[in-house]
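Each chain, letter by letter, is given below.
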Amino acid sequence: MKHDTVELLKAHGINPSSQRVRIYDYLVASKDHPSVDDIFLALQKEGHLFSRATVYNTVKLFLEKHLIRPVKVASNEMRFDASHSFHGHFRCEACDKIFDIPIEELSLDGATEHQIQETNVSFSGICAECLKKGKDD
Ligand SMILES: [Zn+2]
Ligand SMILES: [Zn+2]
């Protein structure tokens, strides 16, 4: 069990059970914005016996405590991000993977009279891997 995760969960008012710590560590380590099912299946493969409901409730708690963010892209499935750095998301229409897109600076000169509470920058198209596959065929 990683010590810094325990401290981080505590700092967010979350009781750091070993299941919660494992699920958070998985979210941080995975760069592909997993869904509840992705997390559940990956941890099951590792030999963890968490139920799907445990994963769902844990993710819901992390969202409530602002430990992770939902990724809003055109998809029916809710996906999650543990990264707090400002970045956009690119979703591949072919394989449905979500990639982080670094953003240097966002100009909001035209929106100064509004109070912005949330920012989502999303792109979609075909990822590099799928482009390569298409050429090989
Ligand atoms: Zn792709
Ligand atoms: Zn992201």
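This text goes with the structure placed above it.
All of these numbers come straight from a predicted model, not from anything done at the bench.

Observations regarding a nonpolar patch on the surface
The grouping of F86, L106, L108 and I116 at the surface amounts to a nonpolar patch, some 340 Å² of accessible area in total. Assignment of secondary structure puts I116 in the loop between β4 (98-102) and β5 (122-125). The exposure class assigned to I116 is partly exposed, which follows from its relative accessible area of 43%.

Details of the coordination of the zinc ion (ligand 1)
Those donors, C92 (SG), C95 (SG), C127 (SG) and C130 (SG), are the protein atoms that reach the zinc ion (ligand 1), and they lie 2.3 to 2.4 Å from it. Around the zinc ion (ligand 1), the four donor atoms sit at angles spanning 104 to 117°, and that spread fits a shape best called tetrahedral. Counting along the primary sequence, the residues that act as donors to the zinc ion (ligand 1) give the motif C-x2-C-x31-C-x2-C. In this pair, C92 is assigned in strand β3 (residues 87-92) and C127 in the loop between β5 and α5 (128-136), connecting sequence segments 35 residues apart. You can call C92 buried: its relative accessible area is 0%.

What to know about the coordination of the zinc ion (ligand 2)
Surrounding the zinc ion (ligand 2) are the protein donor atoms H33 (NE2), D81 (OD), H87 (NE2), H89 (NE2) and D100 (OD), at 2.0 to 2.2 Å. Mapped onto the polypeptide sequence, the residues donating to the zinc ion (ligand 2) form the spacing pattern H-x47-D-x5-H-x1-H-x10-D. One end of the pair, H33, is in the loop between α2 (18-29) and α3 (36-45); the other, H87, is in strand β3, with 54 residues separating them in the sequence. The burial state of H33 is the same as that of H87; both residues are buried.

Concerning the layout of surface pockets
The gaps left among the atoms become clear once a water-sized probe is rolled over them. Quantified by volume, the largest pocket comes out at close to 360 Å³. Considering the residues around the largest pocket, the lining is formed by 19 residues, among which R69, P70, K72, E118 and N120 are closest to the centre. When residues of the lining of the largest pocket are traced back to their parent elements, those giving at least two are β1 (69-71) and β3. Taken together, the residues of the lining of the largest pocket sort by class into six nonpolar, nine polar and four charged. The residue makeup of the lining of the largest pocket includes at least three contributed by each of domain 1 (3-71) and domain 2 (84-107 + 115-136).

Notes on the nonpolar core
I23, L27, I39, V55, F62 and I68 are the most contacted members of the largest nonpolar core, which totals 22 residues. Elements with a contribution of two residues or more to this core: α1 (3-11), α2, α3 and α4 (52-64). If we ignore the near neighbours within four places in the chain, the residues touching I23 are I39, L43, F50, T54, V55, T58 and F62.

Points about the pattern of salt bridges
Tallied over the full model, the rule gives eight salt bridges. For the salt bridge of R22 with E46, the shortest nitrogen-to-oxygen distance reads 3.0 Å. Here R22 is found in helix α2, whereas its partner E46 is found in the loop between α3 and α4, with 24 residues between them in sequence. Ionic pairing is found between D96 and R79, a salt bridge with its closest N-O pair at 3.7 Å.

Calculation criteria
- Residues numbered from 1 in each chain as written.
- Chains lettered and ligands numbered in written order.
- Predicted model: local features only at pLDDT ≥ 70, side-chain atom pairs only at ≥ 80, totals over all residues.
- Heavy atoms only, no water.
- Patch = residues over 30% accessible without salt bridge, like charges linked within 9 Å, V, L, I, M, F, W, Y side chains within 5 Å.
- Areas by Shrake-Rupley, 256 points an atom, 1.4 Å probe, with all protein chains shown as cover.
- Salt bridge = Lys/Arg side-chain N within 4 Å of Asp/Glu carboxyl O.
- Helix = DSSP H or I, 4+ residues; strand = E, 2+ residues; numbered from the N terminus.
- Buried < 20%, exposed > 50% of the residue type's maximum accessible area, 1.4 Å probe, protein only.
- Donors = N, O, S within 2.8 Å, 3.2 Å for Na, K, Ca; no water.
- Tetrahedral: all angles 85-135°; square planar, octahedral: opposite > 155°, others 65-115°.
- 1 Å grid on protein atoms, 1.4 Å probe; cavity = no way out; pocket = protein on both sides within 12 Å on 5 of 7 lines; lining within 4 Å.
- Points joined across faces, edges and corners; volume = space filled by probe spheres on them.
- Nonpolar A, V, L, I, M, F, W, Y, C, P; charged D, E, K, R; others polar.
- Domains from an automatic or database assignment.
- Core = buried A, V, L, I, M, F, W, Y, C linked by side-chain atoms within 4.5 Å.
- Contact = heavy atoms within 4.5 Å.

Coordinates in, geometry out; function isn't part of it.
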